[in-house]
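Geometric and topological summary
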Amino acid sequence: MTSPRDVDPLDDIPDGRDETAAERADRNWIEVLQELRVLQTGTQILTGFLLALAFQPAFRDLSGGQRTLYLILVVLAALSAIVALAPVALHRVLFQRRAKRRVVEYGHAALVTSLLTVAVLLIGVVAFVFDVVVDGSASWAAVVALSIVLVILWIIAPLIIRARHSGSE
């Protein structure tokens, strides 16, 4: 939908924002960074929690399966941090090379990948805690319940909102 603001010949998208492709890339990069900051904070808290567990006296009481799950969760926490920081590393390498649009695209892909990793990590941490505190069946019940909530809030609701928004234009 064209807006009176879309009169600049450098504005290549009629979206009501009077911005060039470079300005849009700058704005999108700022948005990606904000989302990465939110994601990174939660991931750091979970990672700290997981790393501290190994040094607790009760850690010795974990079964072999619980230790395996714990190590998988530690790797997922590290992986999510690495993936979430990848756009920042790319930005440093490509700094002042006029590649912001590509950095934003890479940042978007890394953010989605990191969200998937963190989703598995969150559910895995809750499963681990339920398994240690209650038992395996309670752990599976928590996994199923959280997975349903996650799919509804992270996938279904956004897709419904996106479809409604697309239909209203």
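Fair warning: this is a prediction, and the values are worked out from it, not measured in the lab.

Helix packing for two helices is described by the angle between their axes and how far apart those axes are. Helix H2 (residues 64-93) packs onto helix H1 (residues 21-53) with a crossing angle of 155° between their chain directions and a minimal axis gap of 9 Å. The orientation of H1 relative to H2 falls into the category roughly antiparallel. For H1 against H2, the interelement crossing comes out left-handed. Taken together, the residues of H2 that come into contact with H1 (itself represented by Trp29, Leu33, Leu36, Leu39, Gln40, Thr43, Thr47, Leu50, Leu51 and Leu53) are Tyr70, Leu73, Val74, Ala77, Ser80, Ala81, Ala84, Leu85, Pro87, Val88 and His91. Partitioned by chemical class, the residues of the contact of H1 with H2 number 16 nonpolar, 5 polar and no charged.

Moving on to the packing of aromatic side chains. In total, this model carries 2 aromatic pairs according to the counting rule given. Seen in terms of ring centroids, phenylalanine 59 and tyrosine 70 are 4.9 Å apart; in terms of plane orientation they differ by 70°. Their pairing is edge-to-face. Taken together, the positions of phenylalanine 59 in the loop between H1 and H2 and tyrosine 70 in helix H2 put the pair 11 residues apart, joining distant regions of the chain. Residue phenylalanine 59 is classed as buried on the basis of its relative accessible area, which comes to 14%. Note on tyrosine 70: relative accessible area 5%, which makes it buried. An aromatic cluster is present here, built from Phe59, Tyr70 and Phe128 joined pairwise through their rings.

Here the structure, examined in full by the defined rule, presents 3 salt bridges. In this structure, the salt-bridge partner of lysine 100 is aspartate 26, at a minimum N-O distance of 2.8 Å. Placement of the pair is lysine 100 in helix H3 (residues 100-133) and aspartate 26 in helix H1, with a sequence separation of 74 residues. Given the relative accessible area of 25%, lysine 100 is considered partly exposed. A salt bridge links arginine 27 to glutamate 31; the nearest nitrogen and oxygen atoms lie 3.2 Å apart. Separated by 4 residues within a single helix, arginine 27 and glutamate 31 lie in helix H1, roughly one turn from each other. Here arginine 27 falls in the partly exposed class, since its relative accessible area comes to 21%.

Looking now at the packing of H1 against H3. In the contact formed by H1 and H3, the axes pass within 9 Å of each other and the chain directions differ by 25°. It follows from the interaxial angle that H1 and H3 lie roughly parallel. Between H1 and H3 the crossing geometry is left-handed. Taken together, the residues that form the contact of H1 with H3 break down as 19 nonpolar, 5 polar and 4 charged.

Cut-off values and rules
- Every chain's residues receive numbers from 1 upward, in the order its sequence appears when written.
- Under the rules for a predicted model, residues below a pLDDT of 70 receive no local features and side-chain atom pairs below 80 are neither given nor counted, while totals for whole chains, interfaces and linings still include all residues.
- Processing note: side-chain calculations cover all non-hydrogen atoms of the structure and skip hydrogens and water entirely.
- Axis lines are fitted to C-alpha atoms, over the contacting stretch for helices. Their N-to-C directions set the angle, which ranges from 0 to 180 degrees.
- Strands are runs of DSSP state E lasting at least 2 residues, helices are runs of H or I lasting at least 4, and numbering of each runs from the N terminus.
- Working definition: roughly parallel below 35 degrees, roughly antiparallel above 145 degrees, roughly perpendicular at 65 to 115 degrees, and oblique for all remaining angles.
- Note on convention: near helix rotated counterclockwise from far helix by under a right angle means a left-handed crossing. Clockwise means right-handed.
- Residues count as neighbours in contact if any of their non-hydrogen atoms are within 4.5 Å of one another.
- Classification used: nonpolar for Ala, Val, Leu, Ile, Met, Phe, Trp, Tyr, Cys and Pro, charged for Asp, Glu, Lys and Arg, polar for all others including Gly.
- Aromatic rings from Phe, Tyr and Trp, taking only the six-membered ring of Trp, are treated as a pair when their centres fall within 6.5 Å; an angle between ring planes under 30 degrees marks them as stacked, one over 60 as edge-to-face, and anything in between as tilted.
- The classification of residues rests on relative accessible area computed with a 1.4 Å probe and restricted to protein chains. Under 20% of the type maximum is buried, over 50% is exposed, and intermediate values are partly exposed.
- Each reported salt bridge corresponds to a side-chain nitrogen of Lys or Arg within 4 Å of a carboxyl oxygen of Asp or Glu.

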